[in-house]
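Architecture at a glance
The primary structure of each chain is shown beneath.
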Amino acid sequence: MIHAKDINEHTPLEDLTPGGEIYESGTARAVDTGTWRTDTPVFIAEACKHCMLCVPFCPDSAIPVKDGKRLDFDFMHCKGCGICVTVCPFAAIKMVSGGENE
Amino acid sequence: MSKCLSGNEAVAFAMKQINPDVMGAFPITPSTEIPEYFAKYVANGEVNTEYVTVESEHSSMSVCVAAEAAGARSVCATSSCGLALMYEILYVAASDRLPITLACVNRALSGPININNDHSDSMGARDTGWIQIYAENNQEAYDNFLMAMPVGENPSVRLPVMTCMDGFITSHAVENIELLETDAVRSFVGEYSPENYLLKKENPLSVGPYDISAYYMEHKVMEAQAMKNAKARILEVAAEFEKISGRHYGLFEEYRMEDAELAMVLIGSSAGTAKATVDKLREDGVKAGLIKIRVFRPFPGEELAQALSKTKAVAVMDKSEGFSANGGPLFAETRSALYDLKERPYLIDIVYGLGGRDFKTEDAEKVFERLSNIVATSETGPVYSHMGQREREAKE
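Residues numbered from 1 in each chain as written. Chains lettered and ligands numbered in written order. Predicted model: local features only at pLDDT ≥ 70, side-chain atom pairs only at ≥ 80, totals over all residues.

Bringing the overall build of chain A into the picture now. Helices and strands together make up the secondary structure of chain A, namely two helices and four strands. Along its sequence from the N terminus, chain A presents helices and strands in the succession β-α-β-β-α-β. Here the C-alpha atoms of chain A give a radius of gyration of 17 Å, more than 25% beyond the 13 Å that 2.2 N^0.38 yields for 102 residues. Once the C-alpha set of chain A is aligned to its principal axes, its extents read approximately 55 × 30 × 20 Å. In chain A, which comprises 102 residues, the share counted as buried stands at 18%. Partitioning the contacts of chain A with sequence separation of at least 6, the portion at a separation of at least 24 is 63%. (Helix = DSSP H or I, 4+ residues; strand = E, 2+ residues; numbered from the N terminus. Rg over C-alpha atoms; globule rule 2.2 N^0.38 Å. Buried ≥ 20, exposed ≤ 12 C-beta atoms within 10 Å, placed from the backbone. Contact = placed C-beta atoms within 7 Å.)

Right, dumping it as structure tokens:
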């Protein structure tokens, strides 16, 4: 059975799956979709109280959490929608123009 | 077992014998009786099918797509505008390679609104990636439905199948037909056992992903290859079916074609009418024959060209307009198929029977008369024309 990680833009059709079906889940993680971003959130770590409100609101699971701490954005998947900025009660996130992250 | 059934009841009965996992049910004339009969089987506990009533045909086909992807064998029935409303999802079913079976009871498309038979609904869906198999009568409607799943579900194919019959003419007329025993049907059709499906816990499946341009073309070529593969599979299944039923099916039926010089190519119930005309003409010494297309998708182009190669003049009968201004869809396929022959017969297209307009033995006779004039004069006349419509008498 072929896995998503073994399929790329050079794979011949004989090795692709019917209808492009994928025999595993969570494969979107492997795809860089952060390039779609036109605005970028900036995480202000010193203002963050780690209330975690932003985490479930993020439509792309682009806010990693480790040991009870909210880490900086996963820019490979953040689309810059700005929902996290709106829900943050502590002004710990701001939006800047442009898709590039520092 | 012999029984008097309408075409609709015959198909519903075939569904009952198969006992599918899911039916996406929405009524539309003239196919309404199929989900209606089937609802009775569900209510009586004669089948274990999950009967899902929905708010539109777009949804009934969506139910089938979801269920089939989940690993459940799914069926559906519709007609006319119902099929048109499914259009988007028909492509999804085929491109996701989900072998759903749909009974299409052919009816004219609106507008003007009309509930009677022609083939404009399924012909409009001819490029969706569905296999299309057409029936001449109730027996064939029953048989074709039984053969659909072994064709579509085969790993070399994995495409949805549309079995078509003529609205009212076939769907509502009652005929005495031969039914197989349910045990025989179940062992012939077998279980639906796809290698991968959504509910398989060992490897969760993702179906219908966003396909960027780096992949889309490859997937379409694979789908096209599957449609080519379907031809051999259809014949294989027909041969197996003949063993249990004694009834023979091919990609098309050749009727008195051995030495035929004049031939008619058509689809569906009109074949019965035209066969009577062929018999009459044969008695008069006219070498007339007929080809009834059973499988329109995949189109049996090479086989049809071979079957027509010895004829002198052929009339293709289109029961849908197509509005190409260059002939109907069956004509386009047939003419294209004949192009590769070294010596081609004269070929004309006649669009007939739209919205339930009658097609009688006299009409078929007129067509053969035209063919014999073409052979006598070597003049084709109008290649693409209509018959059966009222027109002012031509002035002298």
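This brings us to the domain arrangement of chain A. Reports often express the size of an interface as the amount of accessible area lost when the parts come together. Segmenting chain A into domains produces domain 1 (1–31) and domain 2 (32–102). Its C-alpha centre places domain 1 of chain A at a distance of 29 Å from the equivalent point of domain 2 of chain A. (Domains from an automatic or database assignment.)

Residue and element names in this part refer to chain B. You can read the domains of chain B as domain 1 (2–245) and domain 2 (252–386). Going through the elements one at a time, α5 (120–124), β6 (131–134) and α8 (213–245) are the ones with two or more residues in the side of domain 1 that touches domain 2. With five residues, the single largest contributor to the side of domain 1 that touches domain 2 is α8. Looking at the side of domain 1 that touches domain 2 residue by residue, the classes come out as ten nonpolar, eight polar and six charged. (Nonpolar A, V, L, I, M, F, W, Y, C, P; charged D, E, K, R; others polar.)

Turning our eyes to something else, we now look at the sheet that holds strand β10 (residues 262–266) of chain B. All names here are of chain B. Pairing is mixed in the open sheet, where six strands are placed in the order β9-β11-β10-β13-β14-β15. If you trace the sheet from one side to the other, it starts and ends with β9 (252–255) and β15 (384–386), each paired once. Mean inter-strand twist for the sheet, computed between neighbouring axes without regard to direction, equals 20°. In terms of strand pairing, β10 meets strand β13 (residues 313–318) through four bridges, oriented parallel. Across the sheet, residue A263 finds its bridge partner in β13, namely V314. Here helix α9 (residues 270–283) sits on the sheet and contacts β9, β10, β11 (288–293) and β13; the angle it forms with β11, its principal contact strand, is near 165°. Running over the sheet, helix α11 (residues 329–338) touches β10, β11, β13 and β14 (346–351) and is turned about 150° from β13. (Pairing = 2+ DSSP bridges. Axes fitted to C-alpha atoms, helices over the stretch in contact; angles between N-to-C directions.)

Before going further, it helps to spend a moment on the pairing of β6(B). All names here are of chain B. Burial along β6 is two-sided: I131 and I133 facing one way and Q132 and Y134 facing the other are all buried. Where β6 lies against strand β7 (residues 161–166), four bridges are found, and the strand directions are parallel. Considered in β7, the bridge of Y134 is made with C164. Bridge analysis of β6 against strand β12 (residues 295–297) gives two bridges, and the strand direction is antiparallel. For Q132, the partnering residue across the bridge sits in β12 and is R297.

Structurally, A:P89 can be placed in the loop between α2 (83–87) and β4 (93–97). A C-alpha to C-alpha distance of 9.2 Å links A:P89 and A:C48, two positions 41 residues apart in sequence.

This brings us to the nonpolar core. B:V11, B:A93, B:M264 and B:V265 are the most contacted members of the largest nonpolar core, which has 118 residues in total. Top element by residues in this core is helix α6 (residues 138–152) of chain B. It accounts for eight residues. Built from parts of two domains, this core gets at least three residues from each of domain 1 (2–245) and domain 2 (252–386) of chain B. Not counting the four nearest positions on each side in its chain, B:V265 is found in contact with B:I291, B:I293, B:V314, B:V316, B:M317, B:L330 and B:T334. In terms of nonpolar packing, the next biggest core, distinct from the first, is built from nine residues, A:C54, A:C84, A:C88 and A:I93 among them. (Core = buried A, V, L, I, M, F, W, Y, C linked by C-beta atoms within 7 Å.)

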